Amino acid sequence: DISTHILDQRMRSPVYNASGVMCRETTELEAVRHSDAGALVSKSCTLEARDGNPEPRYAATPFGSINSMGLPNHGYRYYLDYAAHYDYTDKPLFISISGLSLADNLHMLDAFQRLKRPLLPEVNLSCPNVPGKPQLGYSFDDMATALTAIHAAMDIPFGVKLPPYFDISHFEMAAEIFNRFERLKFLTCINSIGNGLVVDTDSETVLIKPKNGLGGIGGDYVLPTALANVNTFYRLCPDKQIIGCGGIGAGEQVFQHILCGASAVQVGTRLWEEGAGLFTRLNQELVAIMQRKGYQCLADFRGKLCTL
Ligand code: DHB
């Protein structure tokens, strides 16, 4: 049994898409819905539709990916309409919100909660790819201000998508902020490692056009950072649920994220490369690992990472 819960919502599998992959168009969202994913999350939306950054803006590498999409999306009304007509008895629907200002986020969150449907808002505090817009998750005072306003406005539970942190003092400062907010129920760790640079030796060029080639790094590169963030926030925020994201390409990494404390996991880079059949494979691989170890359910090992 690989079922799990986020809040009171059951997922048949802990695995689903990371926001940004297979979730911009309703056709893509429907493909994830009809797959073996346990949930789905929509592309981060803004108040108005955006074309995003110039192409090429995504590239695969042997160990992962680099992207600087720049929030291409249809505008929040498109995803609001999807959420209004969604069948919530099927699998949970997360809605990623990434306003260009606090006022935009408050406006969008209000519209979604007024639907009075059991959608799960994931407020994105970590988009690294909009020129001129810093990642809110790295400005602790601004993040606290934003969460105070969002929490006061929200009647329903919500979560946040976090950037990776790399310093113990930053983990502690961030966790102290999150623990102030009761209706902040889940933390999604991590977004891409922002502003990496991948170089092609032969052509001596960058791989993507925006920002002189800088972009968010995903895939194998980020697994240890993702696991560190999942496990550290699992320890520091015992009343929150953790959703793991980063470096999942096989059942083994799903297992590791859950062992570190994740209640569910998202897949970005590998889903982009492999398509929705990925979910079937990851579920099977996770089951095989659990059988080998004699585990019946995810609770048998969730958060039970051993230290020395
Ligand atoms: C984009 C990238 C992100 O990492 C994110 O959190 C939101 C948007 C993007 O470039 O579209």
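See the structure shown above.
If you're wondering where the values come from, they're calculated on a predicted model, not measured in any experiment. (Residues numbered from 1 in each chain as written. Predicted model: local features only at pLDDT ≥ 70, side-chain atom pairs only at ≥ 80, totals over all residues. Heavy atoms only, no water.)

Engineer: Any chance you could explain the overall build of the chain here in plain terms?
Structural biologist: Assigned secondary structure in the chain consists of nine helices and 16 strands. In terms of C-alpha radius of gyration, the chain reaches 18 Å, essentially the compact-globule figure of 19 Å for 308 residues. Among the 308 residues that make up the chain, the fraction classed as buried is 56%. As presented, the chain carries roughly 13100 Å² of accessible surface, and 52% of it is formed by carbon and sulfur atoms. Each charge sign in the chain was given a centre, from 27 positive and 32 negative side chains, and these centres are 4 Å apart. (Helix = DSSP H or I, 4+ residues; strand = E, 2+ residues; numbered from the N terminus. Rg over C-alpha atoms; globule rule 2.2 N^0.38 Å. Buried < 20%, exposed > 50% of the residue type's maximum accessible area, 1.4 Å probe, protein only. Areas by Shrake-Rupley, 256 points an atom, 1.4 Å probe, with all protein chains shown as cover. Lys, Arg positive; Asp, Glu negative; His and termini not counted. Charge placed at Lys NZ, Arg CZ, Asp CG, Glu CD.)

Engineer: Please explain the site of the ligand as it appears in this structure.
Structural biologist: Near the ligand the following residues occur: Lys-43, Asn-67, Met-69, Gly-70, Leu-71, Pro-72, Asn-124, Cys-127, Pro-128, Asn-129, Asn-191 and Ser-192. Taking Lys-43, its side chain carries an N or O atom lying 2.8 Å from an oxygen atom of the ligand. If the ligand stood free it would expose 300 Å²; the protein chains cover 92% of that surface. Under a 2 Å grid-point criterion requiring more than half of the atoms, the pocket assigned to the ligand is the largest pocket. For the shell around the ligand, the class distribution of residues is five nonpolar, six polar and one charged. (Near = heavy atom within 4 Å. Polar contact = N/O pair within 3.5 Å; in protein donor to acceptor, adjacent residues only side chain to side chain. 1 Å grid on protein atoms, 1.4 Å probe; cavity = no way out; pocket = protein on both sides within 12 Å on 5 of 7 lines; lining within 4 Å. Sits in = over half its atoms within 2 Å of the grid points. Nonpolar A, V, L, I, M, F, W, Y, C, P; charged D, E, K, R; others polar.)

Engineer: Looking at this structure, how should I read the sheet that holds strand S6 (residues 64-67)?
Structural biologist: Strand pairing within a sheet occurs via backbone hydrogen bonds; the two strands may be parallel or antiparallel. Judged by pairing direction, the sheet is antiparallel, and its four strands sit side by side in the order S5-S6-S14-S11 without closing on themselves. Each having just a single partner strand, strand S5 (58-61) and strand S11 (193-197) make up the two edges of the open sheet. Neighbour to neighbour, the strand axes of the sheet diverge by 40° on average, direction disregarded. Sheet topology note: the S11/strand S14 (residues 214-219) ladder contains three bridges and is antiparallel. Considered in S14, the bridge of Leu-197 is made with Leu-214. (Pairing = 2+ DSSP bridges. Axes fitted to C-alpha atoms, helices over the stretch in contact; angles between N-to-C directions.)

Engineer: What's the story with the packing of helix H3 (residues 102-113) against helix H4 (residues 140-153) in this structure? I'm lost.
Structural biologist: What describes two packed helices is the angle between their axes and the distance between those same axes. As a packed pair, H3 and H4 sit with axes 10 Å apart at the nearest point and diverge in direction by 25°. As summarised for this structure, H3 and H4 are arranged roughly parallel, according to the angle between their axes. Taken as a pair, H3 and H4 cross one another with a handedness that is right-handed. Listed contacts from H4 to Leu-102, Leu-106, Leu-109 and Gln-113 of H3 are Ala-146, Ala-149, Ile-150 and Ala-153. Along the lines of polarity and charge, the residues of the contact of H3 with H4 split into seven nonpolar, one polar and no charged. (Parallel < 35°, antiparallel > 145°, perpendicular 65-115°, else oblique. Left-handed = near helix turned anticlockwise from the far one by under 90°. Contact = heavy atoms within 4.5 Å.)

Engineer: Would you explain the state of the cysteines in this entry?
Structural biologist: Two cysteines form a disulfide when their sulfur atoms are joined by a covalent bond. Summed over the entire model, instances satisfying the criterion amount to zero disulfides. Cys-237 supplies the cysteine sulfur nearest to Cys-189, a cysteine that is in no disulfide, at a spacing of 8.3 Å. Given the relative accessible area of 1%, Cys-189 is considered buried. This cysteine, Cys-245, is not joined by any disulfide, and Cys-189 carries the nearest cysteine sulfur, 9.5 Å off. With relative accessibility at 7%, the residue Cys-245 sits in the buried group. (Disulfide = S-S within 2.5 Å.)

Engineer: Mind showing me how you'd approach the packing of aromatic side chains here?
Structural biologist: Two numbers describe a pair of aromatic rings. These are the distance of the centres and the angle of the planes. This model, assessed by the stated rule, comprises 17 aromatic pairs. Their ring planes at 25° and their centres at 6.0 Å tell us that Phe-140 and Tyr-165 sit as a pair that is stacked. One end of the pair, Phe-140, is in helix H4; the other, Tyr-165, is in the loop between strand S9 (158-162) and helix H5 (168-178), and 25 residues separate them in sequence. Under the relative-accessibility criterion, Phe-140 is labelled buried at 15%. (Phe/Tyr/Trp six-rings, centres within 6.5 Å; stacked < 30°, edge-to-face > 60°.)

Engineer: Help me out: how do you make sense of the side chain of Thr-225 in this one?
Structural biologist: Looking at the element boundaries, Thr-225 is found in helix H6 (residues 223-236). Contacts of Thr-225, omitting those with residues within four sequence positions, involve Pro-164, Phe-166, Ile-190 and Ile-193.

Engineer: Which parts of the structure should I look at to understand the layout of surface pockets?
Structural biologist: Regions of empty space are outlined by a rolling probe, equal in size to a water molecule, passed over the atoms. Put simply, the largest pocket is a space of about 690 Å³. By residue class, the composition of the lining of the largest pocket is 17 nonpolar, 22 polar and six charged. Its boundaries defined by the atoms lining it, the second largest pocket holds a volume of some 340 Å³. As for the second largest pocket, its lining consists of 19 residues, and the residues nearest its centre are Gly-99, Leu-100, Lys-133, Pro-134 and Leu-136. Those elements that place two or more of their residues in the lining of the second largest pocket are H3 and H4. (Points joined across faces, edges and corners; volume = space filled by probe spheres on them.)

Engineer: How do you make sense of helix H2 (residues 76-85) when you look at a structure like this?
Structural biologist: What sets the pattern is the α-helix's 3.6 residues per turn: residues three or four places apart point alike. Those residues of H2 that fall on the buried side of the exposure criterion are Tyr-76, Tyr-79, Leu-80, Tyr-82 and Ala-83. Within H2, the buried residues cover an arc of 160° as seen down the axis, which keeps them to one side. Residues of H2 that are buried make contact with helix H1 (26-33), strand S4 (40-41), strand S7 (93-97) and H3. (Arc of directions from axis to C-beta.)

Engineer: Would you take a moment to explain the pattern of salt bridges for this structure?
Structural biologist: Note on pairing: side chains with opposite charge can pair once their charged atoms come close. This structure, assessed with the given rule, holds eleven salt bridges. When the shortest N-O distance is used, the salt bridge between Glu-48 and Arg-77 registers 3.8 Å. With Glu-48 in the loop between S4 and S5 and Arg-77 in helix H2, this residue pair connects regions lying 29 residues apart in the sequence. When its relative accessible area of 46% is taken as the criterion, Arg-77 is described as partly exposed. Salt-bridge contacts for Arg-114 lead to Asp-110; the nearest nitrogen and oxygen are separated by 3.6 Å. Here the residues in one salt-bridge network are Arg-12, Glu-30, Arg-33 and Asp-90, joined through shared partners. (Salt bridge = Lys/Arg side-chain N within 4 Å of Asp/Glu carboxyl O.)

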